[in-house]
Amino acid sequence: MTRHFLIDTDLTQAEQTQILDLALELKHAPYSRDTYAGLDDHGASTAGRKTVAVIFDKTSTRTRVSFATGIADLGGVPLIIGAGESQLGHKESITDTARVLERMVSTIVWRTYAQKGLEEMAAASKVPVINALSDDYHPCQLLADLLTIREHKGTLAGLTLAYLGDAANNMANSYLLAGVTAGMHVRVAGPAGHLPRQSVIDLATARAAETGGSVLVTTDPGTALVSADVVATDTWISMGQEPDSADAKDATYELFSSYGVDGAAMAQAAPDAVVLHCLPAYRGYEIAADVIDGPQSVVWDEAENRLHAQKALMVWLMDRR
């Protein structure tokens with residue numbers, strides 16, 4: 001049965017650990033014969049058909065570069081398809097597109113808007129489909145984030161992660177789901193009206209019961225931050241959700257103003273807390289310049305780790321076709 005990666009909970013805790021272990025191997029020895037011999041034992045991802053379709057409905061820097069580079073590193077060929085460059089979704093259905101692509105490529109990677117589109121693609125595809133970002137979830141980013149935390153903290157289970165800002169966006173959802181899958185205690189804080197859907201909270205709570213993690217959703221940033229091992233944030237205005245006027249933009253910034261990750265916020269976290277931001281970052285808004293560019297920031301490791309985590313994910317998925 002083909003495995004897909006559409007939402008963070010598509011992986012069990014053990015499977016998530018396997019992928020992170022492989023990501024560390026690939027990061028430490030990306031071109032060694034020994035490492036790629038190990039991949040062959042796993043059913044090397046680029047054996048046979050080598051082309052990976054990478055479809056972008058949204059603009060991208062890190063996702064595009066990390067997937068294109070990772071596919072090439074594995075000996076494959078990235079087929080980049082930009083918005084409007086195919087008939088997907090307007091002249092041709094998602095299902096028909098999937099049936100065509102599965103006969104020509106080894107994997108389908110899609111950065112898009114609606115989660116239901118990814119679900120339809122996966123339902124019709126005999127090759128793995130990877131969610132490279134949707135409006136609801138960003139699971140590939142979370143694999144990179146977890147890899148980064150593990151590198152700096154040595155472990156994941158039992159750590160406390162605090163996420164501040166727009167707690168109704170795809171990053172907050174994925175922090176909840178991926179974090180508790182790893183056995184972490186995940187706290188998300190945002191203003192009323194900008195908190196996760198109850199269905200996401202319920203899914204995270206159920207997974208936490210299996211792994212020993214926990215879920216806390218609050219409007220109080222201080223409650224989320226107290227003694228946190230990891231502090232994370234994201235832009236307050238998500239792609240495709242930009243306000244339609246300057247006044248509306250100012251009102252959004254005012255609404256989130258008490259959820260910024262600055263020196264005062266970091267003083268409430270653990271002294272050795274690390275800071276994450278998936279980028280792009282807007283200094284002076286969701287994160288202060290002296291925090292993102294300071295000694296507790298692991299943001300640049302986090303950005304690099306998109307490459308290593310996604311390489312491991314592709315190998316793992318294609319081994320299970």
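Look a little higher up for the structure.
It should be emphasised that the depicted structure is a prediction, and the values quoted were computed from it without experimental measurement.

The biggest cluster of nonpolar side chains holds 59 residues, and the ones touching the most others in it are Ile149 and Met184. With eight residues, the top contributor of residues to this core is helix H13 (residues 299–318). Other than its neighbours up to four places away in sequence, isoleucine 149 contacts Gly154, Thr155, Leu156, Leu159, Leu161, Met184, Val230 and Leu276. Among the nonpolar cores identified, the runner-up in size contains 21 residues, and Val275, Ile287, Ala288 and Val299 belong to it.

What follows concerns the packing of helix H1 (residues 13–28) against helix H6 (residues 139–153). Each pair of packed helices can be described by the angle between their axes along with the distance between the axes. At a minimum axis separation of 10 Å, H1 and H6 run at an interaxial angle of 70°. If you check the angle between H1 and H6, you find them roughly perpendicular. Listed contacts from H6 to Gln16, Thr17, Ile19, Leu20, Asp21, Ala23, Leu24 and Lys27 of H1 are Leu143, Leu146, Leu147, Arg150 and Glu151. Its residues assigned to classes, the contact of H1 with H6 shows seven nonpolar, two polar and four charged.

Right, let's talk about helix H3 (residues 62–73) for a bit. Spanning 12 residues, H3 covers 16 Å between terminal C-alpha atoms, matching the ideal 16 Å at 1.5 Å per step. Among the residues making up H3, those that are buried are Thr63, Ser66, Phe67, Ala68, Gly70, Ile71 and Asp73. Two residues or fewer past H3, glycine 75 is found with a positive phi of approximately 90°.

Residues Gln115, Gly117, Leu118, Met121, Ala122 and Ala124 constitute the buried set of helix H5 (residues 115–124). Buried residues in H5 make contact with strand S1 (51–56), helix H4 (94–101), strand S3 (107–111) and strand S4 (129–133).

Scanning all chains against the criterion turns up 12 salt bridges. Residue arginine 3 is joined to glutamate 15 by a salt bridge in which the shortest nitrogen-to-oxygen separation is 3.0 Å. In this pair, arginine 3 sits in the segment before H1 while glutamate 15 sits in helix H1, placing the two residues 12 residues apart along the sequence. Overall, arginine 3 belongs to the partly exposed group, its relative accessible area being 22%.

Moving on, we come to the packing of H4 against H5. Across the interface, H4 lies against H5 with an axial gap of 8 Å and an inter-helix angle of 45°. Comparing their axes, H5 and H4 come out oblique. H4 and H5 meet at a crossing whose hand is right-handed. Counting all contacts with H4, which are made through Ile94, Thr95, Ala98 and Arg99, the residues of H5 involved are Gly117, Glu120, Met121 and Ala124. The residue inventory of the contact of H4 with H5, partitioned by class, reads four nonpolar, two polar and two charged.

What follows concerns the sheet that holds strand S2 (residues 77–81). Read across the open sheet, the four strands follow the order S2-S1-S3-S4; overall the sheet is parallel. At either margin of the open sheet sits one strand with a lone partner, and together these are S2 and S4. Here the average twist between neighbouring strands, direction ignored, is 20°. The pairing of S1 with S3 spans five bridges and is classified as parallel. Looking at S3, one finds that alanine 53 is bridged to isoleucine 108.

Rules used in this analysis
- Residues numbered from 1 in each chain as written.
- Predicted model: local features only at pLDDT ≥ 70, side-chain atom pairs only at ≥ 80, totals over all residues.
- Heavy atoms only, no water.
- Core = buried A, V, L, I, M, F, W, Y, C linked by side-chain atoms within 4.5 Å.
- Buried < 20%, exposed > 50% of the residue type's maximum accessible area, 1.4 Å probe, protein only.
- Helix = DSSP H or I, 4+ residues; strand = E, 2+ residues; numbered from the N terminus.
- Contact = heavy atoms within 4.5 Å.
- Axes fitted to C-alpha atoms, helices over the stretch in contact; angles between N-to-C directions.
- Parallel < 35°, antiparallel > 145°, perpendicular 65-115°, else oblique.
- Nonpolar A, V, L, I, M, F, W, Y, C, P; charged D, E, K, R; others polar.
- Expected span 1.5 Å × (residues − 1).
- Salt bridge = Lys/Arg side-chain N within 4 Å of Asp/Glu carboxyl O.
- Left-handed = near helix turned anticlockwise from the far one by under 90°.
- Pairing = 2+ DSSP bridges.

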